[in-house]
Each structure stands twice: as structure tokens, then as C-alpha cells.
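# Coordinates in review
Read off the chains here:
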Amino acid sequence: MPELPEVETIRRQLSQEIVGRKLNGKKIAGVRRRAKILIIDFIDGSSLIFHLKLTGQLIFNGERSSYTRRIFKFDDGSQMVFNDMRKFGWWKEVKKTKSIEENFGPEALDINLKNFKILLRKRPNAKIKPLLMDQKFIAGIGNIYSDEILFASGVQPIRQVKTLSEKEVERIWRNTKKILQEAIKYHGTSERSYVDAYGRKGNYLSHLKAYQREGKKCLRCRTTIKRIKLGSRSAHFCPKCQR
DNA sequence: CAATCGTCCTGCGGGC
DNA sequence: TGCCCGCAGGACGATT
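Residues numbered from 1 in each chain as written. Chains lettered and ligands numbered in written order. Predicted model: local features only at pLDDT ≥ 70, side-chain atom pairs only at ≥ 80, totals over all residues. Heavy atoms only, no water.

### Examining the protein's contact with DNA strand B
The cut-off we apply is this: Near residues are defined by distance, with any heavy atom within 4 Å of the molecule or strand qualifying the residue. Between N or O atoms, a polar contact is any pair within 3.5 Å; within protein, one atom must be a potential hydrogen donor and the other a potential acceptor, and residues adjacent in sequence are included only when both atoms are from side chains.
Surveying the vicinity of DNA strand B reveals the residues Tyr 67, Met 85, Arg 86, Lys 87, Phe 88, Arg 123, Asn 125, Ala 126 and Lys 127. When atoms of DNA strand B within 4 Å of the protein are sorted by moiety, sugar and phosphate together comprise 65%. Between DNA strand B and Lys 87, the relevant distance is 2.5 Å, taken from a phosphate oxygen to a side-chain nitrogen or oxygen of the residue.

Structure representation (C-alpha cells):
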């Protein structure tokens, strides 16, 4: 599922290819990301924004497939294909992105420890995993990386924020940065249909330590990884390493 | 205000 | 073998 690392991978690659080109006569000034949204800015101040949701793909010079919803053609003959098997994804032309951007909490990669602690204090009763996935709270983390962050931090997904020690909060903050950055380095996780802007799979899947490892042995202590339902989502964790 | 649940959609895998 | 059912999850809206 495209989360922050996947969208960021696509953003970096697309930026290399399309900045300076024209789309519908409008010159592209830059490509940004906010939360899991990809934003193509034009020099006239307007933007074209995308949300890939679960199965969206944006492929530079990709070819039409049965899942292609739209092809964006650039002035030099190159193109960008938007595929989406499940049809949850969307794109939109907007004059301003401000009202969209302000719906999100701080970027997961940008927030400092002090502000992360302040943020957590506002939600003492929330369970940590759903909170990390709440885009209004903190932006960019989804089901895969919340499991990975909490595994690395030794914290169970159901833990209430107010029960977290200072050290646990610091570990969660540090591992959020570490894991997201590592996943970007490997061009994301291709668990299902995710591919990057060149149609290639990401390589972080083999680095996952919790997500989708139910029934397998914990890579740290050999205990069997558990899966529980939290809200309507699945959470994977090691009952021994994570407390 | 916060937490939970249903909803959108389609491919896939388990079970009979 | 083939069919049916349920599951997967981002984010929004309705409900409690």
C-alpha cells in the first residue's frame, strides 16, 4: 500500500522526469508530497494532486493496461499513466493546495522529538497504532510501517499513549524516522501492487520484521509473531519483544 | 471531541 | 475442479 516511503519514492523519480515539462500547456514547477498525497505544482500556482490509496500507480512513460484510469501527456511526447485496480485512488486539479494540506498533522519525517511528545500528550487515551496511522495526527504512516515502527520500538500496538514511558516515546519517534528513511532507500514495499514511477517493485518487503509475518518466528527472539484486529485493521507484533 | 463501524472496489486464497 | 465467501486497507462519513 502506498504509504509515505512509496509516495516519496515516486515523487523523487517523477521530479527528475517532469519538472520543466508542460501538461495541458502549463509548465511544471515541482513535485511535492504531503502525507500520502503527491502534488504536481505548475508555475501558474495551480496544482494537480493524486492519492494512490491502496492500489494506485503512477508510471512515467508506462503503457496502458486494463487498470489504466487516465494517461497524462506532456508536451514533449512523454506521458504518465495512472493505474488503479481497486479504483479507490483519485486525482484532482486545484487552484490552491492549502486547504487540503492543513487537514494533515505534521509530517512524520519532519517532526522533532519535543513536538512529538507534545503531540502525544494531547491524546493520552488513544491506542498507539491507530494513532500513528491517523493522518490528522501525524502524516504519512499506514498499516505496514506502523507495525514496523512499533516492532522496532518494543511497544505493543494496543498500548495506550498515557502508559508509554519516556524512553518508549523516544524509541517510537526515532524508529519512525529510521524505518521510513530506510524504506525510502529501498524504494518502498511492494506487498501487493505498488510499483515506483518506473514500474519497478520496491525492495523493502524482505526487510519487514512484523507486517505479514503472522505465524513466523520473531527475527529477534524466535517467538511466534501474532496478528490481532485493531479497529478494522490487522496489527502484527511479537508478544515477547513488544510490551 | 473521540472512537468505532460501514463503505468504496477487485483480485486472490482458503475451504468445501 | 470450481465456486463462493471473506479478506486486504486509506480515508471519509455516520453514528454513538
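### Focus: the sheet that holds strand S7 (residues 79–84)
For the record, the criterion: Here the rule is simple: two strands pair whenever DSSP picks up at least two bridges between them. A helix here means a DSSP run of H or I that spans at least four residues, while a strand means a run of E at least two residues long, and both kinds are numbered starting from the N terminus. What counts as an axis is a line fitted to C-alpha atoms, over the stretch in contact for a helix, and the angles between N-to-C directions run from 0 to 180 degrees. Residues count as neighbours in contact if any of their non-hydrogen atoms are within 4.5 Å of one another.
If you trace the 3 strands from one edge of the open sheet to the other, you get S5-S7-S6, paired in antiparallel fashion. Two strands close off the open sheet at either side, each with one partner strand: strand S5 (56–60) and strand S6 (68–73). Direction aside, neighbouring strands of the sheet carry axes that sit 15° apart on average. Against the sheet, helix H1 (residues 4–18) contacts S5 and S7, and its axis sits at roughly 30° relative to S5.

### A few points about the sheet that holds strand S2 (residues 26–34)
Taken together, the 5 strands give an open sheet; going across it, the order is S1-S2-S3-S4-S8, and neighbouring strands pair in antiparallel fashion. Where the open sheet ends on each side, the last strands, each with one partner, are strand S1 (22–23) and strand S8 (90–94). Of the pairings in the sheet, the one linking S2 to strand S3 (residues 37–42) comprises 6 bridges and is antiparallel in character. Considered in S3, the bridge of Arg 33 is made with Leu 38. Docked against the sheet, H1 engages S2 and S3, running at close to 160° with respect to S2.

### Considering the protein's contact with DNA strand C
The line we're drawing: Here the nonpolar group is Ala, Val, Leu, Ile, Met, Phe, Trp, Tyr, Cys and Pro; Asp, Glu, Lys and Arg are the charged ones; every other residue, Gly included, is treated as polar.
Neighbouring DNA strand C are 18 residues; His 51, Leu 54, Arg 86, Arg 227 and Lys 229 lie closest to it. The sugar and phosphate moieties of DNA strand C supply 57% of its atoms located within 4 Å of the protein. One of the side-chain N or O atoms of Gln 135 is found 3.5 Å from a phosphate oxygen in DNA strand C. Elements with a minimum of two residues in the surface near DNA strand C: strand S9 (226–230) and strand S10 (233–237). Considered class by class, the residues forming the surface near DNA strand C number 5 nonpolar, 4 polar and 9 charged.

### Let's talk about the pairing of S7
Rules: Buried means the residue's accessible area, taken with a 1.4 Å probe over protein chains only, is under 20% of the maximum for its type, while exposed means over 50%, and partly exposed covers the values in between.
Among the 6 residues of S7, 6 are classified as buried, and the element is accordingly described as predominantly covered. Alternating residues of S7 divide into Gln 79, Val 81 and Asn 83 and Met 80, Phe 82 and Asp 84, and every residue in both groups is buried. Two elements, S5 and S7, share 5 bridges in a ladder whose sense is antiparallel. Each bridged residue has a counterpart across the sheet, and for Ile 59 the counterpart in S7 is Val 81. Pairing of S6 with S7 involves 5 bridges; the strand directions are antiparallel. Looking at the pairing, Arg 70 lines up with Phe 82 of S7. From the end of S6 to the start of S7, which pair antiparallel, there are 5 residues, and Gly 77 there has a positive phi angle of about 95°.

### Some remarks on the pattern of salt bridges
Once their charged atoms are close, side chains differing in charge can pair, the charge on each being opposite to the other. To be explicit about the condition: One side-chain nitrogen of Lys or Arg within 4 Å of one carboxyl oxygen of Asp or Glu is enough to make a salt bridge.
Within the structure shown, the criterion is met by 18 salt bridges. Note that Arg 33 is salt-bridged to Glu 8, the shortest N-O span being 2.8 Å. Here Glu 8 lies in helix H1 and Arg 33 lies in strand S2, a separation of 25 residues in the sequence. Pair check on accessibility: Arg 33 and Glu 8 agree, each one buried. Put simply, Lys 98 and Glu 102 hold a salt bridge, and the shortest N to O gap is 3.7 Å.

### Here we look at the nonpolar core
Threshold: Nonpolar cores were defined as sets of buried Ala, Val, Leu, Ile, Met, Phe, Trp, Tyr and Cys residues, with membership established by side-chain atoms within 4.5 Å.
The biggest cluster of nonpolar side chains holds 32 residues, and the ones touching the most others in it are Phe 116, Leu 120, Ile 128, Leu 132, Ile 141, Tyr 145 and Ile 172. Elements with a minimum of two residues in this core: helix H3 (113–121), helix H4 (128–133), helix H5 (143–153) and helix H6 (166–185). Here this core gets 7 residues from one element, more than from any other, and that element is H6. Those residues in contact with Ile 128 that sit more than four places away from it in its chain are Leu 120, Leu 150, Val 155, Gln 156, Pro 157, Arg 159, Val 161, Leu 164 and Ile 172. Core analysis: the second largest hydrophobic core is formed by 21 residues, Ile 40, Phe 60, Phe 72 and Phe 74 among them.

Function-wise, these values are silent; they only describe arrangement.
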